[in-house]
Amino acid sequence: MSGRFVRASKYRHVFGKSTRREATYDNLRISKNAWDTNLIKVNPKYLAVNWEASGGGAFAVIPLEEKGKLPEQLPLFRGHTAAVLDTDWNPFNDDIIASGSDDGKVFVWKVPDGFTLHTDADEPADVKPVGKLSGHSRKVGHVLFNPAAENVLASSSGDYTVKIWDLEDGHSKMTLKHNDIVQSLSWSANGSMMVTTSRDKKLRFWDVRQEKPAHEVQGHMGAKSSRSVWMGEHDRIVTTGFSKMSERQLGLWDLRDPSKPVGGDFIPMSSSSAVSMPFWDEGTQMLYMAGKGDGNITYFEYEHDKFEPLSEYKSPDPQRGMAFMPKRGVNTHENELARAYKTVDDRLIEPIPFIVPRRSETFQDDIYPATVGLKPAMSSSEWLDGKTGLPPKFSMEDMYDGKEPQEYAAQEAPKVAPAKTASAPAPALAPAAAPTPKEPVVEKPEPTPAVAREMPSMKDNKQSMSALASKFADKDEDEADDDDDTSSFEEIQKPVERPSAVRQAEKNSTADESTREATRTTTAPAPQPASVPIPSSRETVTTPPAAPSKTDDKSAPEAISSPQPSASAAAGGLRDVLQEIRGMLQSQGRQIEELTSEVAQLKTKVGQ
């Protein structure tokens, strides 16, 4: 395991969860048109599906709560005279949707109040458009609402143009001209810039209100379709495409230097031939990539200008179309980070929630930062006049608690609580490549000069090093030798006597006392020797006591000078006393030997 480590991330265990058949949207007739589009779009209320219809183009709108097998006859949104190629929901009104068709028209629709698929009528009434936009001379392949300005819509066409529409008056305000068919387009978070990929293999970064590209660089060299997506509030763009050898590629571009991808080259991906559909999640800084024609969804975490692979959702059912729910529509009670909707066999749509496995039943503020609500940053007229800004955001905790979301200005939105495993700071917002004169110019504050720190002198360094070395200095060898010379027996404390030895000594002392009493009663009263100190069982006896010999020397002249008839009896008593003392000394010697052996055993145990 040397040199190996696991990158810390709170999204490392995110997994995609399959849905039961009864929780899908079944019995559909999804369009089989070969145009390269995602086929479906979703918002927190409805799901839009390009429909395989005869006698003109149509699409269906399905309320999200009406799951399971749908009726054979559905109320469709009809009005186009050719197949519908793309749709897009208004980010600030969940009931407004725009559509682009093969007939070259752009229609705007409004979902009726109380709309449902289950009606009692034999033939449900179709829904008619509320607005028609004409201006393209060929088919309209993509429609996309501005994420910051209200009622601003972009549409791309086979006439090699992208038109910017003001829905308030229904007129085209700007035209972005290309050299070939536009394959994908994506707005910046503040709605001032746009990135497009084209069949001429060029990647263009547009300052939309200037109607000219700020940068035009070489994109993916493969012949297959290329996709692009703006990474939210970053000044970064992600593209997917193919090399000349038809190998899948991923590109990360820096708006400040788009001459080549970040890192100098494209990132090679799997060898699959399916076109990748990229989806960016601004709240979690994650990129989801779904293969068009396979059943897998790969997801990455963006950190330090790199895409770190997390995991992959695998399914045997291939998808032709896919859509991701806006952040305000996910289920925060289930720790759901994102929810994808994929088409299966052109007859059903399956929801796939991506969940962070956590046991906590409280709001997880580290994975749910503030997100964009239903209030735009500006009106279409203000945007056309040059205003730029981010839409207000709201705390997802309000949605978790069931409260009315309280929106904040983008700069005042509450920050995310720092996680235990902190990730890299997000790059700064993308500066406008060619700002309009009406945009306010913010002066950058001058950097504060660093304060010079006084360096320590050589003398101070020597003193500090000597003080540090003294802490770890070894002891003197003489001291170590003295310690070795000392006796290990003296170092051991005096052992505690065993209770059995104490009781044995007391018994011996009692027996001695009784013997002396018997001797006194059987012998004549004779001068007793001086008191002989009887050694205690707890004292170490070294030499026999000399007191009795002194006493004998004093008493002997008295016995000789004053003849007594009981001298022999006195001598016999003295002999008995001496024998008693000798027995006591032998007993004490045996006790000393026992104690010595015990001390030796203790010494051996301590040495081990």
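Residues numbered from 1 in each chain as written. Predicted model: local features only at pLDDT ≥ 70, side-chain atom pairs only at ≥ 80, totals over all residues. Heavy atoms only, no water.

1. Let's talk about the nonpolar core
Okay, so step 1: In terms of nonpolar packing, the biggest core is built from 34 residues, with L47, Y341 and I349 touching the most fellow members.
Okay, so step 2: Of all elements in the fold, only β3 (40-42), β4 (46-51), β5 (57-63), β7 (76-80), β8 (84-89) and β10 (105-110) reach the threshold of two or more residues within this core.
Okay, so step 3: If sequence neighbours within four positions are ignored, I349 has contacts with T24, Y25, L28, I30, I40, L47, V49, Y341, K342 and T343.
Okay, so step 4: Formed by 25 residues, the second largest nonpolar core is a distinct cluster that contains M322, A338, A340 and M396. (Core = buried A, V, L, I, M, F, W, Y, C linked by side-chain atoms within 4.5 Å. Buried < 20%, exposed > 50% of the residue type's maximum accessible area, 1.4 Å probe, protein only. Helix = DSSP H or I, 4+ residues; strand = E, 2+ residues; numbered from the N terminus. Contact = heavy atoms within 4.5 Å.)

2. Looking at the pattern of salt bridges
Okay, so step 1: Under the definition given, this model contains 28 salt bridges.
Okay, so step 2: For D345, the salt bridge identified is with R347, shortest N-O distance 3.6 Å.
Okay, so step 3: Since its relative accessible area comes to 46%, D345 is described here as partly exposed.
Okay, so step 4: On the basis of relative accessible area, R347 is assigned to the partly exposed category, the value being 34%.
Okay, so step 5: Each of D235, R236, D254, R256 and D305 takes part in one network of salt bridges that share partners. (Salt bridge = Lys/Arg side-chain N within 4 Å of Asp/Glu carboxyl O.)

3. Things to note about the UniProt feature "coiled-coil region" (unreviewed entry) in the protein chain
Okay, so step 1: Within the UniProt annotation, "coiled-coil region" (unreviewed entry) is assigned to residues 578-605.
Okay, so step 2: In residues 578-605, helix accounts for 100% and strand for 0%; the two terminal C-alpha atoms are 41 Å from one another. (UniProt positions renumbered as here; feature names shortened; annotations may be inferred.)

4. Section: the packing of aromatic side chains
Okay, so step 1: Counting across every chain of the model gives 19 aromatic pairs.
Okay, so step 2: Between Y288 and Y299 the ring centres are 5.7 Å apart and the planes differ by 40°, which places this aromatic pair in the tilted class. Taken together, the residues span a long stretch of sequence, with Y288 in strand β25 (residues 286-292) and Y299 in strand β26 (residues 297-303) at a distance of eleven residues.
Okay, so step 3: For Y288, a relative accessible area of 1% corresponds to the buried category.
Okay, so step 4: Judged by relative accessible area, Y299 falls into the buried class, the value being 1%.
Okay, so step 5: Among the aromatic residues, those joined into a cluster by ring pairs are F279, Y288, Y299, Y313, F324 and F354.
Okay, so step 6: When the ring centre of F242 is taken as origin, the NZ or CZ atom of K224, which lies over that ring, is 5.1 Å away. (Phe/Tyr/Trp six-rings, centres within 6.5 Å; stacked < 30°, edge-to-face > 60°. Lys NZ or Arg CZ within 6 Å of the ring centre and 35° of its normal.)

5. Looking at the side chain of D166
Okay, so step 1: Tracing the backbone through its elements, the reader meets D166 in strand β14 (residues 161-166).
Okay, so step 2: Despite its burial, D166 pairs with no opposite charge, the nearest such side chain being K173 at 4.6 Å.
Okay, so step 3: At 3.1 Å, the side chain of D166 forms a polar contact with the backbone nitrogen of E168.
Okay, so step 4: In this view, D166 contacts N151, H171, K173, S380 and L384; residues no more than four positions away in its chain are not counted. (Lys, Arg positive; Asp, Glu negative; His and termini not counted. Polar contact = N/O pair within 3.5 Å; in protein donor to acceptor, adjacent residues only side chain to side chain.)

6. Let's talk about the sheet that holds β7
Okay, so step 1: Sheet architecture is open: four strands sit in the order β3-β4-β5-β7, paired in antiparallel fashion. Looking at which strands have only one partner, the edges of the open sheet turn out to be β3 and β7. Taking each pair of neighbouring strands and ignoring which way they run, the sheet shows an average axis angle of 20°.
Okay, so step 2: The pairing of β5 with β7 spans four bridges and is antiparallel. Bridge pairing in β7 links F59 to F77. (Pairing = 2+ DSSP bridges. Axes fitted to C-alpha atoms, helices over the stretch in contact; angles between N-to-C directions.)

7. Some thoughts on the sheet that holds strand β32 (residues 393-394)
Okay, so step 1: Spatially, β31-β32-β33 is the arrangement adopted by the three strands of the open sheet, whose pairing is antiparallel. In this open sheet, the two edge strands, each paired with only one partner strand, are β31 (371-372) and β33 (407-408).
Okay, so step 2: Inspection of the sheet shows β31 paired to β32 by two bridges, in the antiparallel sense. By the bridge assignment, T371 is partnered in β32 with F394.

8. Topic: unusual backbone geometry
Okay, so step 1: Backbone geometry places L39, a non-glycine residue, at a positive phi of 70°.
Okay, so step 2: Along the polypeptide, L39 turns up in the loop between β2 (25-26) and β3.
Okay, so step 3: Of note, the phi angle at D305 is positive, near 60°, even though the residue is not glycine.
Okay, so step 4: Turning to its location among the elements, D305 is positioned in the loop between β26 and β27 (306-313).
Okay, so step 5: Assessed through its relative accessible area of 27%, D305 is described here as partly exposed.

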